[in-house]
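A closer look at the structure
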Amino acid sequence: MGICYIFFDVSVNQIYLTDMEEIVNRIAKSGIVNIDLDSYFPSEPILPFDIKDWLWQGLVLKEKDFRERLENFDFQTFNNSIVTIFCSADAIVPFWAFMLLAVKLQPIAKEVAYGTMEEYLAKHYAKEISKLNPLDFTDKRVIIKGCGDYPVPVSAYVEITSLLRPYATSIMYGEPCSTVPVYKRKAVTA
């Protein structure tokens, strides 16, 4: 058996063996569409702002103290980030407190949202998935990539499946080399 060299022809973006046999990427030629939900994860840092840390004795929000703390707090730590505002304590926090925080954060942060990071991500993914045109997936076999690098919420997998089911021929979960079938359109018999 001789030595085999690999040759990459930039002009046609193809890889060849020395005897010019084309290396075929069967997955690319299969017509399967891959969707990686990691690609929709925000590029900016997501920073929490928990009001519980500003409550008097961890129970009550005192307006005067709250406003004073707002004036003296350095909000620059939230510069160009996504800030999620919530209260993890079992306390009654008036709506205006969240509004005052939004007023302070909005000029500095990239985005300000109510809720925990998990709640924010569920809304964010719903918004991003709604931008997809389901007609682009008509009669396609789709793989929704799993096991990514980011905490993609389960709701995103439900949203994408619900959006594509009426259009796609099949929907699978996982990687092209190892998928779990989720949906397959039944053949119409005459």
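Everything below is about the structure printed above this text.
What this report covers is the structure whose coordinates are included nearby. Within each chain, residue numbers correspond to sequence positions counted from 1 in written order. Whole-chain, interface and lining totals are the exception, using all residues; otherwise, since this is a predicted model, local features are given only for residues with pLDDT of at least 70 and side-chain atom pairs are given and counted only at 80 or more. Heavy atoms from the whole structure form the basis of all side-chain values; hydrogens and water molecules are not counted.

**Focus: the overall build of the chain**
A count of helical and extended segments in the chain gives five helices and nine strands. Going from N to C terminus, the chain has its helices and strands arranged as β-β-α-β-β-α-β-α-β-α-β-α-β-β. Burial statistics for the chain: of 190 residues in total, 31% are counted as buried. Contact definition: two residues touch when any of their heavy atoms are within 4.5 Å. Relative to all contacts within the chain whose residues are 6 or more apart in sequence, the contacts with residues 24 or more apart total 72%. A total accessible area of about 12,700 Å² is found for the chain, and carbon and sulfur atoms account for 57% of it. Numbering of helices and strands starts at the N terminus; helices are DSSP runs of H or I of at least 4 residues and strands are runs of E of at least 2. With a 1.4 Å probe rolled over the protein chains alone, any residue whose accessible area is under 20% of its type maximum counts as buried; one over 50% counts as exposed, and the rest are partly exposed. Each accessible area is a Shrake-Rupley estimate made with a 1.4 Å probe; only the visible protein chains count as cover when residues are assessed.

**Brief notes about the sheet that holds strand β9 (residues 178-184)**
Two strands make a pair as long as DSSP finds a minimum of two bridges between them. Taken together, the four strands give an open sheet; going across it, the order is β3-β7-β8-β9, and neighbouring strands pair in mixed fashion. Each edge of the open sheet carries a strand with a single partner, namely β3 (32-35) and β9. Each strand of the sheet is rotated relative to its neighbour by a mean of 25°, with strand direction disregarded. Where β3 and strand β7 (residues 141-144) come together, four bridges link them in parallel fashion. By the bridge assignment for β7, I32 is matched with R141. Each of β3, β7, β8 (170-175) and β9 touches helix α5 (residues 154-164); the most contacted strand, β7, lies at about 175° to it. Orientation is described by axes fitted as lines to C-alpha atoms, over the contacting stretch for helices, and by angles from 0 to 180 degrees between their N-to-C directions.

**Quick look at the side chain of T84**
Tracing the chain through its elements places T84 in strand β5 (residues 82-86). Residue T84 is classed as buried on the basis of its relative accessible area, which comes to 0%. Contact partners of T84, with chain neighbours within four places excluded, come to I46, L47, P48, F49, A113, G115, T116, M117 and Y120.

**A word on the pairing of β9**
Where β8 meets β9, six bridges bridge the pair, whose relative direction is antiparallel. If you follow M172 over to β9, its bridge partner there is P181.

**A closer look at the packing of aromatic side chains**
Think of it this way: a Phe, Tyr or Trp ring, Trp meaning its six-membered ring, pairs with another when their centres are within 6.5 Å, and the plane angle makes it stacked under 30 degrees, edge-to-face over 60, tilted otherwise. The full count for this structure, using the stated rule, is 12 aromatic pairs. With 5.8 Å between their ring centres and 70° between their planes, Y157 and Y173 make a pair best called edge-to-face. One end of the pair, Y157, is in helix α5; the other, Y173, is in strand β8, with 16 residues separating them in the sequence. Judged by its relative accessible area of 32%, Y173 is partly exposed. Aromatic rings pair up to connect F49, W54, F66, F73, F75, F78 and W96 into one cluster. Taking NZ or CZ as reference, K62 lies 4.6 Å from the ring centre of W56, over its face. To sit over a ring, a charge needs its Lys NZ or Arg CZ within 6 Å of the ring centre and within 35 degrees of the ring normal.

Geometric values such as these leave the question of function open.
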